[in-house]
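Here are the chains, one letter per residue:
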Amino acid sequence: MTDLDQLTQSLARNLKHWRSERGYTLDALAARAGVSRGMIIQIEQARTNPSVGTTAKIADALGVSITTLLDYEQGPDVRIVAPGDAVRMWSTEAGSYTSLLIGGEAPGPFELWQWRLMPGEQSASDPHPPGSVELLHVTEGELTLVVDGVEHTVPTGGSATFEAKVAHGYRNDGDRPLVMTMAVLIPLTG
């Protein structure tokens, strides 16, 4: 079985588990996540690999982290992620990428990410549920953080935090790679 096959099977199993745990019907989860009922069925039957955005919407709707939905094995109180085992969520030919380093429940999704954006590249994010917070620290380069249409500059060594309930994005306007670490906390929603 390939890594992608294992990821697809894990996502299917974990989605069924958490949907059942939360008592959501297919229609209820589809409405909460803003994705089609058919997409949820395809994911639960391991017939598709959804986009990162779709996976994030479903995780938010379930009140769990993306890590929890993608986890191959559930259960240990202590979880160690080896350096080469972080989940690469997306990448570009120019060399930009995000890696989900680790996540947990606190009592909602709580994730730690590593980002690398090459010069001229950017990534946009839809609003998260109310009460969601992101914290980030730039270790290389300079970040242009866009929150609800307003640009903020975060230099090397700088940090920022913001309420992520509005559209937001990350952009590298510089001439060298941007590297940052980001923590995301999304509260459980009723």
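The following refers to the structure shown.

About the criteria used
Residues numbered from 1 in each chain as written. Predicted model: local features only at pLDDT ≥ 70, side-chain atom pairs only at ≥ 80, totals over all residues. Heavy atoms only, no water. Helix = DSSP H or I, 4+ residues; strand = E, 2+ residues; numbered from the N terminus. Buried < 20%, exposed > 50% of the residue type's maximum accessible area, 1.4 Å probe, protein only. Areas by Shrake-Rupley, 256 points an atom, 1.4 Å probe, with all protein chains shown as cover. Salt bridge = Lys/Arg side-chain N within 4 Å of Asp/Glu carboxyl O. Axes fitted to C-alpha atoms, helices over the stretch in contact; angles between N-to-C directions. Parallel < 35°, antiparallel > 145°, perpendicular 65-115°, else oblique. Left-handed = near helix turned anticlockwise from the far one by under 90°. Contact = heavy atoms within 4.5 Å. Nonpolar A, V, L, I, M, F, W, Y, C, P; charged D, E, K, R; others polar. Expected span 1.5 Å × (residues − 1). Core = buried A, V, L, I, M, F, W, Y, C linked by side-chain atoms within 4.5 Å. Pairing = 2+ DSSP bridges. Polar contact = N/O pair within 3.5 Å; in protein donor to acceptor, adjacent residues only side chain to side chain.

1. Remarks on the overall build of the chain
Piece 1. Assigned secondary structure in the chain consists of 5 helices and 10 strands.
Piece 2. Burial status across the chain gives 42% buried among its 190 residues.
Piece 3. Entry remark: accessible area of the chain is about 9,800 Å², with carbon and sulfur atoms responsible for 52%.

2. Describing the pattern of salt bridges
Piece 1. Per the counting criterion, the structure on display carries 6 salt bridges.
Piece 2. For Arg171, the salt bridge is made with Asp173, and the minimal N-O distance between the two is 2.8 Å.
Piece 3. Residue class for Arg171 comes out buried when judged on its relative accessible area of 17%.
Piece 4. Connected via shared salt-bridge partners are Glu151, Arg171 and Asp173.

3. Some points on the packing of helix α2 (residues 26-33) against helix α4 (residues 52-62)
Piece 1. Packing of α2 against α4 leaves a shortest axis separation of 8 Å and a crossing angle of 110°. Between α2 and α4, the angle is such that the two are roughly perpendicular. In the crossing of α2 with α4, the sense of the turn from one axis to the other is right-handed. Contacts from Leu29, Arg32 and Ala33 in α2 reach Lys57, Ile58, Ala61 and Leu62 in α4.
Piece 2. Within the contact of α2 with α4, the residues separate by chemical class into 5 nonpolar, no polar and 2 charged.

4. Some details on unusual backbone geometry
It is generally the case that most residues other than glycine have a negative phi and that most peptide bonds are trans.
Piece 1. A positive phi angle, close to 55°, is found at Ala46, a residue other than glycine.
Piece 2. By the element assignment, Ala46 lies in the loop between α3 (37-44) and α4.
Piece 3. Positive phi values are uncommon outside glycine, yet Asp148 reaches one of about 55°.
Piece 4. Note that Asp148 resides in the loop between β6 (143-147) and β7 (150-154).

5. Some remarks on helix α1 (residues 3-22)
Side chains that are three or four residues apart share a direction in an α-helix, a result of its 3.6 residues per turn.
Piece 1. In this model, α1 (20 residues) spans 28 Å end to end at C-alpha, consistent with the 28 Å of a helix rising 1.5 Å per residue.
Piece 2. Listed in full, the buried residues belonging to α1 are Thr8, Ser10, Leu11, Ala12, Asn14, Leu15, Trp18 and Arg19.
Piece 3. Here the buried face of α1 lies against α2, α3, α4 and α5 (66-70).

6. Concerning the nonpolar core
Piece 1. Residues Ile58, Leu62, Leu136, Leu143 and Tyr170 are the most contacted members of the largest nonpolar core, which totals 38 residues.
Piece 2. Those residues in contact with Leu62 that sit more than four places away from it in its chain are Leu15, Trp18, Arg19, Arg22, Tyr24, Leu29 and Leu69.

7. Overview of the sheet that holds β7
Piece 1. Reading across from one edge, β4-β9-β6-β7 is the order of the 4 strands in this open sheet, with antiparallel pairing throughout. Looking at the sheet topology across the chains shown, the edges are occupied by β4 (122-125) and β7. In this sheet, adjacent strand axes meet at a mean angle of 15° when their direction is disregarded.
Piece 2. Where β6 lies against β7, 5 bridges are found, and the strand directions are antiparallel. The residue of β7 that forms the bridge with Val147 is Val150.

8. Quick look at the environment of Arg32
Piece 1. Note that Arg32 resides in helix α2.
Piece 2. In this structure Arg32 comes out as partly exposed when scored by relative accessible area, which is 34%.
Piece 3. For Arg32 and Ile58, which are 26 residues apart along the polypeptide, the C-alpha to C-alpha distance reads 8.0 Å.
Piece 4. A polar contact of 3.1 Å, which involves the side chain of Arg32, links it to the backbone oxygen of Ala61.

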